[in-house]
Amino acid sequence: MSDEGSTISEAADAVEEASNAKALDVLARAGFAVMALLHIIIGVISIALAFGQPGQADATGAIEQLAANPWGPAVMWACVAACTGLALGQASEATLRARHLPRKERVGKLLSSGFLAIAYGSVGLSFAGFAVGLRGDSGDSTRDFSSSLMATPAGLWALVALGLTIMGIGVYFVVKGVRRGFKEELFHFDGTRRGRLIDTLGITGHTAKGIALNLAGLLIVIAAANHRPEESTGLDGSLKALRGHPYGPYLLVAIGAGFIAYGFFALIRARFGRM
C-alpha cells in the first residue's frame, strides 16, 4: 500500500514538474495578456455605450472585435492556445502545487484557482467557437440559461444563488483593489514611481471590475425575484441598463475607464507577475 502511495506521489511530482515547463509558463503569460486585451476592449465598448454607440460590453463582444479582421481565425486559435495554457496553469495551482499546503490553504487554493481554471477555459472555448464560425449573443445565452434554470423545481433559488455568487466575486474584487491584495501577484516595482502608477491601475481596475460584477449579479437576483428570467442578461445587459438612469452615462465612462486600467494592470502582470 505504501509502495502504491509512493508511486502515486512520484507520478504527481513528475506531472507537477512538467507543469513548471517554460512552454506552459509562456502560454500562461500569453493567456494573461489575452485577458488583459479583452478587458481593455470591454472598457472601450462601455465608454462607447455611454455616448449612445452600439456594442456588446462583455467577453463575447470583445472577442467579436478581435475576430473582425483578415487575421481573425489565426488570432482566435492563438488565443485558444493561450487561454488553454492559462487554464492548465491555474488547474495545476489548484491541485498539484497545492498538495504541500496546510489543509485550510489547500482548500482555499482549490476553490480560487479551480474557479479561475474553469473561467479561463470557458473563455478559450468562446475563442474556439468564433474560430469555427459559431458566434452568438452572450445576453441571449444568459437569458436561455436563466429560463432553463427557472423551469426546474429549485430553479428560483439556484438563480438567486448564482446572482449572489457573482456579487460575492464582485465584492472580492473591490476588497482586493481597496486593500491592494493584488500586490502579492506583482512585486517587482515596490517603492518606485512606476510602482505607484501600477498600484493606481490595480486599485482602479479591480474596484471597477468588482462594481460591474455586482451589477451583473444584482440583475440576476432581481430577475429571479420577479420571476422574469428574460431580464437576466449578464454583464452587457447590466451595463446597458445604466443608460436609462440620469447618472448612468457617467457611471459607464467610469466603469469603462476602470476596465481599461485593469487591462493595463493585467498586461504588466502578464510580463512581470508571479505565475
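Right above here is the structure, for reference.
In this report, we go over the structure that sits alongside the text. (Residues numbered from 1 in each chain as written. Predicted model: local features only at pLDDT ≥ 70, side-chain atom pairs only at ≥ 80, totals over all residues. Heavy atoms only, no water.)

### Brief notes about helix 9 (residues 234-241)
- Within helix 9, 6 of the 8 residues are buried, leaving the element largely enclosed by the surrounding structure.
- Of all the residues in helix 9, the buried ones are G234, L235, D236, G237, S238 and L239. (Buried < 20%, exposed > 50% of the residue type's maximum accessible area, 1.4 Å probe, protein only. Helix = DSSP H or I, 4+ residues; strand = E, 2+ residues; numbered from the N terminus.)

### What to know about the packing of helix 2 (residues 22-50) against helix 4 (residues 72-94)
- In the contact formed by helix 2 and helix 4, the axes pass within 7 Å of each other and the chain directions differ by 110°. By the angle between their directions, the pair helix 2 and helix 4 is classed as roughly perpendicular. For the pair helix 2 and helix 4, the sense of crossing is left-handed. Taken together, the residues of helix 4 that come into contact with helix 2 (itself represented by L24, L27, A28, A30, G31, F32, V34 and M35) are C79, A81, A82, C83, G85, L86, L88 and Q90.
- Among the residues making up the contact of helix 2 with helix 4, the classes are represented as 13 nonpolar, 3 polar and no charged. (Axes fitted to C-alpha atoms, helices over the stretch in contact; angles between N-to-C directions. Parallel < 35°, antiparallel > 145°, perpendicular 65-115°, else oblique. Left-handed = near helix turned anticlockwise from the far one by under 90°. Contact = heavy atoms within 4.5 Å. Nonpolar A, V, L, I, M, F, W, Y, C, P; charged D, E, K, R; others polar.)

### Thoughts on the environment of G114
- Along the chain, the position of G114 falls in helix 5 (residues 103-131).
- Of the residues examined, G114 reaches a relative accessible area of 18% and is grouped as buried.
- In this structure, the C-alpha to C-alpha distance between G114 and Q90, residues 24 residues apart in sequence, is 6.6 Å.
- Apart from residues no more than four positions distant in its own chain, G114 is found in contact with A94 and K109.

### What to know about helix 5
- Compared with an ideal rise of 1.5 Å per residue, which puts 29 residues at 42 Å, helix 5 spans 41 Å between its outermost C-alpha atoms and is within 8% of the ideal.
- Residues of helix 5 that are buried include every one of S113, G114, A117, Y120, V123, G124, F127, A128, G129, F130 and A131, and no others.
- Positive backbone phi, at 90°, marks G133, one or two positions downstream of helix 5. (Expected span 1.5 Å × (residues − 1).)

### Quick look at the packing of aromatic side chains
- Inspection of every chain in the model, using the stated rule, returns 5 aromatic pairs.
- Seen from their ring centres, F32 and Y120 are 6.2 Å apart, and the 75° between their planes marks the pair as edge-to-face. Of the two residues, F32 sits in helix 2 while Y120 sits in helix 5, which places them 88 residues apart along the sequence. In this structure, F32 and Y120 share a single accessibility class: buried. (Phe/Tyr/Trp six-rings, centres within 6.5 Å; stacked < 30°, edge-to-face > 60°.)

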